[in-house]
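Overview (structure and organization)
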There are 2 protein chains.
Amino acid sequence: MALGDAILACLTERPMTGYELAKTFDSSIGFFWKADHQQIYRELSKLRDRGYIQGREVVQSGKPNKLVYTLTPEGRTALRHWAARPSTPASTKDDLLVRLHALDSIDIEPLRADLMARLEHHRDRHANYERILKKRFPDGTAEGKLDLGNLLLLRLGARHEQMVADFCEEALAALSAMSGKATVVPIEDGKREGKG
Amino acid sequence: MALGDAILACLTERPMTGYELAKTFDSSIGFFWKADHQQIYRELSKLRDRGYIQGREVVQSGKPNKLVYTLTPEGRTALRHWAARPSTPASTKDDLLVRLHALDSIDIEPLRADLMARLEHHRDRHANYERILKKRFPDGTAEGKLDLGNLLLLRLGARHEQMVADFCEEALAALSAMSGKATVVPIEDGKREGKG
DNA sequence: CGACTTTTTCCTGTTACGGTAAATAACGAG
DNA sequence: CTCGTTATTTACCGTAACAGGAAAAAGTCG
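Reference entry: report on the structure contained in this document. (Residues numbered from 1 in each chain as written. Chains lettered and ligands numbered in written order. Predicted model: local features only at pLDDT ≥ 70, side-chain atom pairs only at ≥ 80, totals over all residues. Heavy atoms only, no water.)

Turning next to the sheet that holds strand 2 (residues 53-58) of chain B. Residues and elements named next belong to chain B. Taken together, the three strands give an open sheet; going across it, the order is 1-3-2, and neighbouring strands pair in antiparallel fashion. Among the strands making up the open sheet, the edge pair consists of strand 1 (16-17) and strand 2. Here six bridges tie strand 2 to strand 3 (residues 66-71), and the two strands are oriented antiparallel to one another. Residue pairing in the sheet places Glu57 in a bridge with Leu67 of strand 3. On top of the sheet, helix 1 (residues 3-11) reaches strand 1, strand 2 and strand 3; it is set at about 90° to strand 3, its chief contact. (Pairing = 2+ DSSP bridges. Helix = DSSP H or I, 4+ residues; strand = E, 2+ residues; numbered from the N terminus. Contact = heavy atoms within 4.5 Å. Axes fitted to C-alpha atoms, helices over the stretch in contact; angles between N-to-C directions.)

See below:
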């Protein structure tokens, strides 16, 4: 279980509904962990079955009733035990890197387009991180432990996006510098192969 | 399919057996993609069923016979089509970051130990990247397209490891600076709770 | 009325991850 | 000769994760 622990970690901040969690996994923690609402709800059921969280139904008027989940003491303990185990370094698993590994067997034009899209994407994310950093930590220091963690995360995220964006730029430049000697072959295999 | 494409990408370099692929996924491409030998073999079967690769049995004396897999033209085409689609930016999914997100609800001592282990781990990897870079690209330039891709990958890897290592150092420093005001609670829940 | 938001749930797949284990075939240690 | 090791492939099991399609219920907005 890993997504489950991420949810528990989110619930340490405050009780939340599945709906809120899904939104959280779209912003704050979602910067480095992706999960759609179905995954969240399924995981919440499991966590409830194990007694790590407790759902309290809140009757609403004008909206469907919601289930606010709170960490139980067992859940807190489970999270602490999980956090006390050594972490496993995750591997990147980025499609783009696989493409680069097979650079001489693929078409460069789509790759170039992809790199440009990614460049924009990572620049956007970088700007977003910086924006949040300036807003939440104008003087660059954190007060409590909770803030410290988030400050560190934001800084790591910002640097990471910056680095990947730089990488995309560099790759594009290298590709351009090489495009002279490269044979440009359009992607139309299987149509006129064998018979020329 | 993503692991399958990574395997196809590996096979563009030269034909390989499942055993060799498993080793490759432990070193070169394995720097950013992890897969054990069972995953590899299972994926190879699928790729063969789809006609993307072709196995040729090589009789060996002294060792069991091996199956050398070669990309078929269909496999090359499939790889090119896959590579022509826009890549999906992967999310990090690092346990360590989840822990930092819940920093005020976990025990700092194990976290500190974890950070130190990770620091060493990322430093090792960084040194490894640099070593390969110096060996394969002493002058920092690539000749062919194949080399270009690998040079870029190695550089990205080196920078990434450097950055994460720096991050670990920074986090450790921040934790130390904060440890004065923090209440240290040993992880022994559930034993003496409820009855003092 | 229809479209949209909020909130939860169910369904069916595929892909990935993890561990345990075995079969074949040789080599070397004890 | 048995035991362990390296090389090489394969099998089975279970769970976790990812993807997409759907629907229900209750209200608001246009």
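Right, let's talk about the protein's contact with DNA strand D for a bit. By nearness alone, 25 residues border DNA strand D, and A:Gln38, A:Gln39, B:Gln38, B:Tyr41 and B:Lys93 come closest of all. Restricting attention to atoms of DNA strand D within 4 Å of the protein, one finds that 61% of them are sugar or phosphate atoms. A:Arg42 places a side-chain nitrogen or oxygen 3.1 Å from a base nitrogen of DNA strand D. B:Gly18 has a polar backbone atom sitting 3.4 Å from a phosphate oxygen of DNA strand D. Every element with two or more residues in the surface near DNA strand D is listed here: helix 3 (37-49) of chain A together with helix 2 (18-24), helix 3 (37-49) and strand 3 of chain B. Among the elements that take part in the surface near DNA strand D, helix 3 of chain A stands out by supplying six residues, more than any other. A breakdown of the residues in the surface near DNA strand D according to their chemical character gives seven nonpolar, nine polar and nine charged. (Near = heavy atom within 4 Å. Polar contact = N/O pair within 3.5 Å; in protein donor to acceptor, adjacent residues only side chain to side chain. Nonpolar A, V, L, I, M, F, W, Y, C, P; charged D, E, K, R; others polar.)

For the rest of this paragraph, the subject is the packing of aromatic side chains. Under the counting rule described, the total for this entry stands at zero aromatic pairs over all chains. Above the ring of A:Trp82, the side-chain terminus of B:Arg99 is found at 4.2 Å from the ring centroid. (Phe/Tyr/Trp six-rings, centres within 6.5 Å; stacked < 30°, edge-to-face > 60°. Lys NZ or Arg CZ within 6 Å of the ring centre and 35° of its normal.)

Taken together, the 75 residues of chain A in the interface contact 75 residues of chain B. Interface area lost by chain A to chain B is led by A:Arg80, A:His101 and A:Lys145, which between them contribute 12%. In this assembly, chain A and chain B are joined by six salt bridges. Note that B:Arg155 is salt-bridged to A:Glu170, the shortest N-O span being 3.0 Å. Along the contact surface separating chain A from chain B lie 20 residue pairs in polar contact (both at pLDDT 80 or more). Contributing elements (two or more residues each) for the side of chain A that touches chain B: helix 1 (3-11), helix 4 (73-84), helix 5 (95-101), helix 6 (108-136) and helix 7 (145-178) of chain A. Looking at the side of chain A that touches chain B, the element that brings in the most residues is helix 7 of chain A, giving 19 residues. (Buried area = accessible area lost by both parts, 1.4 Å probe. Salt bridge = Lys/Arg side-chain N within 4 Å of Asp/Glu carboxyl O.)

Attention shifts here to the side chain of A:Asn150. By the secondary structure assignment, A:Asn150 is in helix 7. On the basis of relative accessibility, which here comes to 9%, the residue A:Asn150 falls in the buried class. (Buried < 20%, exposed > 50% of the residue type's maximum accessible area, 1.4 Å probe, protein only.)

Turning our attention to helix 1 of chain A. One full turn of an α-helix is made of 3.6 residues, so residues set three or four places apart face in the same direction. Most of helix 1 of chain A sits out of view: nine of its nine residues are buried. Buried within helix 1 of chain A are the following residues: A:Leu3, A:Gly4, A:Asp5, A:Ala6, A:Ile7, A:Leu8, A:Ala9, A:Cys10 and A:Leu11.

Our next topic: the sheet that holds strand 3 (residues 66-71) of chain A. Residues and elements named next belong to chain A. Read from one edge to the other, the open sheet built from three strands follows the order 1-3-2, with strand pairing classed as antiparallel. In this open sheet, the two edge strands, each paired with only one partner strand, are strand 1 (16-17) and strand 2 (53-58). As paired strands, strand 1 and strand 3 are joined by two bridges and run antiparallel to one another. Paired with Thr17 across the bridge in strand 3 is Val68.

Geometry only, nothing functional implied.
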